[in-house]
Amino acid sequence: MDVHDFSAHAATGKLAALARTPHDLTADGGLTPQRVGTMRMSFCGFDLLYATQRITPEVLDALQELADEAGLIAACTAMQQGAVLNRIEGYASENRQVLHTACRDLFDQPPMAPEASAKARRELDKLRTFLDELASGAIVNAQGQPFTTMVQVGIGGSDLGPRALYMALKAYALPGRCARFIANVDPDDAAEVLSGLDLSRTLFNVVSKSGTTLETLTNERLVRARIAEAGLDPARHLVAVTGEGGPMDDAGKYLRSFYMEDYIGGRYSSTSMVGLVTLGFVLGFEAVTDILRGAHEVDRAALKPDIRANLPLLLALLGIWNHNFLGHATVAVLPYSQALSRFPAHLQQCDMESNGKSVTRQGKAVGWKTGPVVWGEPGTNGQHAFYQLIHQGTEVVPAEFIGFRHSQYGLDLQVAGTGSQQKLVANMLAQSLALALGKQDDNPARCFPGNRPNAVLIADRLTPRTMGALLAIYEHRIAFQGFCWNINSFDQEGVQLGKVLATRLLDLLAARTPPEGADTLEMSVLRQAGIG
Ligand code: G6Q
């Protein structure tokens, strides 16, 4: 057994013993006002209420020991300082630093990874100039009109985070500005987005770190064709975000090119130019700076060793308690905020692409569970859908609720003595209590077992700064779990095989007549699906 192995830590044994009799939230005195008042934390604008987890102070102490033994803070510090953590020792791997935090390490001196932060600053300055030129009228369309819409063309990490943030923050859009997104190679995705647009007033932001992604290159070609058909010059309507010197780095083809470095993973790239160009276009430069400030504040606070004072670290360890020790296979992230409706989708990628791994950082098979299945939808909508299973199903689903005391637009109405925002938050808190406490009833169909672990994350209002903080809380939670499981959270080998097979199928389709020696299984699948 390797010293880094999850099961090699003394705390793992302690936690396994404690997990045999987890705290009973349904018992008399299992969930008291005193417990609610103690098991809470304030952190970077958020309050975390975690009395509704099946933990005791002994469990928290053992989780602290696990964090210490596994060196989680040292790993987070090393990551922010630029250690090469994206690697599998002794095997071919990406072999890169992991420096998304450097994109926002612009407010404290000295930055933890000065060279990377200097590069981030350079791109941010370029973005500020670009936004100023759009505002002043120095950049306009051929008719001298300002641009109103930016369409981000990208997929995976070049889509999900930026889209989730845009939806979260579009309440703060500059007058007359909006964004749309094209990701899927499904031609109907582009068709639907383009159908409602005035192309002459639209900028397309093609985002691809590698500059080689099939979906994005295909959609760029499609968009260029549509712009040309409309009698417009594509070079005046397209900007690019890509790796400097990469296949998409071609000044002649774009109005402006912004760069991202290879040490920023796609799913961690929302606070690089991958997210900030579109967000800056819609929200303005000040909001972009606020997002970065919120994230940076969390990056620094995530370095506190005390799990009772470090929110992402505690969330990570509570997740490990629920997954590895209590045996729960999934986790639901349930934002009580319509604006966060795509945030669970971003987390699905960020968490599952990071921690859905089966080998250690030394390339050995893991002997413990790694990342859980992550899913979620906004409340209260989910209450009228899948909450049945969460309350009474045979699968216990730990839940993380996210809510805000105030709405974004402030447009509310008192009905039956309360406003809609109060109804929203009251429902969230009620669900948290109901899941924890359960309810006995003479009618078995109306019994609620309770003891369904959950936590509530609440802040005043969803603003650019809060959003930056929330994003970074989850990024660190995910990385802490990966460090603890001793896996590489920063590669994504698991997405390769399907891509290679798709290319083979497309080659067969393009050739029309199967080349000599073509794989009969692949031909037969195409034929049986009726597209061969
Ligand atoms: C994220 C992944 C992946 C990536 C997309 C798009 O961490 O690496 O989702 O973001 O495949 O890649 P490009 O930005 O290179 O087009």
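Before going into details, it helps to say that this report is about the structure given with it. The model shown is predicted, which means the values in this text are computed figures rather than measured ones. (Residues numbered from 1 in each chain as written. Predicted model: local features only at pLDDT ≥ 70, side-chain atom pairs only at ≥ 80, totals over all residues. Heavy atoms only, no water.)

Details of the overall build of the protein
Along the backbone of the protein there are 18 helices and 11 strands. The C-alpha radius of gyration computed for the protein amounts to 24 Å, which stays within 12% of the reference 24 Å derived for 532 residues, consistent with globular compactness. Dimensions of the protein along its principal axes, counting C-alpha atoms only, are 75 × 65 × 55 Å. The proportion of buried residues among the 532 residues of the protein is 53%. Relative to all contacts within the protein whose residues are 6 or more apart in sequence, the contacts with residues 24 or more apart total 74%. Only carbon and sulfur atoms are counted for the fraction: they give 54% of the accessible area of the protein, which is about 22,500 Å². (Helix = DSSP H or I, 4+ residues; strand = E, 2+ residues; numbered from the N terminus. Rg over C-alpha atoms; globule rule 2.2 N^0.38 Å. Buried < 20%, exposed > 50% of the residue type's maximum accessible area, 1.4 Å probe, protein only. Contact = heavy atoms within 4.5 Å. Areas by Shrake-Rupley, 256 points an atom, 1.4 Å probe, with all protein chains shown as cover.)

With respect to the sheet that holds strand β9 (residues 373–375)
Where strands meet in a sheet, backbone hydrogen bonds hold them as pairs that are either parallel or antiparallel. Ordered in space as β1-β2-β11-β10-β8-β9, the 6 strands form an open sheet in which the pairing is mixed. Bordering the open sheet on either side are β1 (40–43) and β9, each of which pairs with just one other strand. Averaged over all neighbouring strand pairs, the angle between strand axes comes to 15°, with direction disregarded. (Pairing = 2+ DSSP bridges. Axes fitted to C-alpha atoms, helices over the stretch in contact; angles between N-to-C directions.)

Things to note about the site of the ligand
Around the ligand, a shell composed of 13 residues is seen, among which Ser158, Ser208, Ser210, Thr213 and Gln349 lie nearest. Within the side chain of Ser158, a nitrogen or oxygen atom sits 2.7 Å from an oxygen atom of the ligand. Contact between the ligand and Ser208: an oxygen atom at 2.6 Å from a side-chain N or O atom of the residue. Isolated, the ligand exposes 400 Å² of accessible area, and the fraction of that covered by the protein chains is 85%. (Near = heavy atom within 4 Å. Polar contact = N/O pair within 3.5 Å; in protein donor to acceptor, adjacent residues only side chain to side chain.)

Examining the pairing of strand β11 (residues 454–459)
Most of β11 is tucked away: 6 of the 6 residues are buried. In the sheet, strand β2 (residues 46–49) pairs with β11 via 4 bridges, with the strands oriented antiparallel. When the sheet's bridge partners are listed, Leu49 is paired in β11 with Val456. The pairing of strand β10 (residues 399–404) with β11 spans 6 bridges and is parallel. Note that in β11 the partner of Phe404 across the bridge is Ala459.

What to know about the pattern of salt bridges
For the structure on display, the rule yields 27 salt bridges. Between Arg405 and Asp47 there is a salt bridge, with the nearest N and O atoms lying 2.6 Å from each other. Pair noted here: Arg405 is in the loop between β10 and α15 (420–437) and Asp47 is in strand β2, with a separation of 358 residues, a long-range link. Note on Asp47: relative accessible area 12%, which makes it buried. Arg405 serves as the salt-bridge partner of Asp460, at 2.8 Å between the closest nitrogen and oxygen. On the criterion of sequence distance, the pair formed by Asp460 in the loop between β11 and α16 (464–485) and Arg405 in the loop between β10 and α15 is long-range, its members being 55 residues apart. Judged by its relative accessible area of 44%, Asp460 is partly exposed. Via salt bridges that share partners, Arg40, Asp47, Arg405 and Asp460 belong to a single interconnected network. (Salt bridge = Lys/Arg side-chain N within 4 Å of Asp/Glu carboxyl O.)

Describing a nonpolar patch on the surface
A surface patch of nonpolar side chains, amounting to about 250 Å² of accessible area, comprises Val185, Leu214 and Leu506. As for its position among the elements, Leu506 is in helix α17 (residues 496–511). (Patch = residues over 30% accessible without salt bridge, like charges linked within 9 Å, V, L, I, M, F, W, Y side chains within 5 Å.)

Considering the sheet that holds strand β4 (residues 178–182)
As summarised here, the arrangement of the 5 strands in space is β4-β3-β5-β6-β7, forming an open sheet in which the pairing is parallel. If you trace the sheet from one side to the other, it starts and ends with β4 and β7 (256–259), each paired once. Averaged over all pairs of adjacent strands, the angle between strand axes in this sheet comes to 20°, irrespective of strand direction. Direction of pairing for strand β3 (residues 149–153) relative to β4: parallel, over a ladder of 5 bridges. Bridge pairing in β4 links Thr149 to Cys178. On top of the sheet, helix α6 (residues 160–169) reaches β3 and β4; it is set at about 150° to β4, its chief contact. In this fold helix α7 (residues 187–195) packs onto β3, β4 and β5 (202–208), with an angle of close to 160° to the strand it touches most, β4.

Observations regarding the nonpolar core
Residues Phe130, Met467 and Tyr474 are the most contacted members of the largest nonpolar core, which totals 120 residues. Considering each element in turn, this core owes the most residues, 13 residues, to α16. With residues near it in sequence (within four places) discarded, Met467 still touches Leu165, Ala168, Leu169, Leu340, Phe343 and Leu462. Val153, Phe204, Leu238 and Met248 belong to the second-largest nonpolar core, a separate cluster that totals 17 residues. (Core = buried A, V, L, I, M, F, W, Y, C linked by side-chain atoms within 4.5 Å.)

Everything listed is a geometric property; what it means functionally is a separate question.
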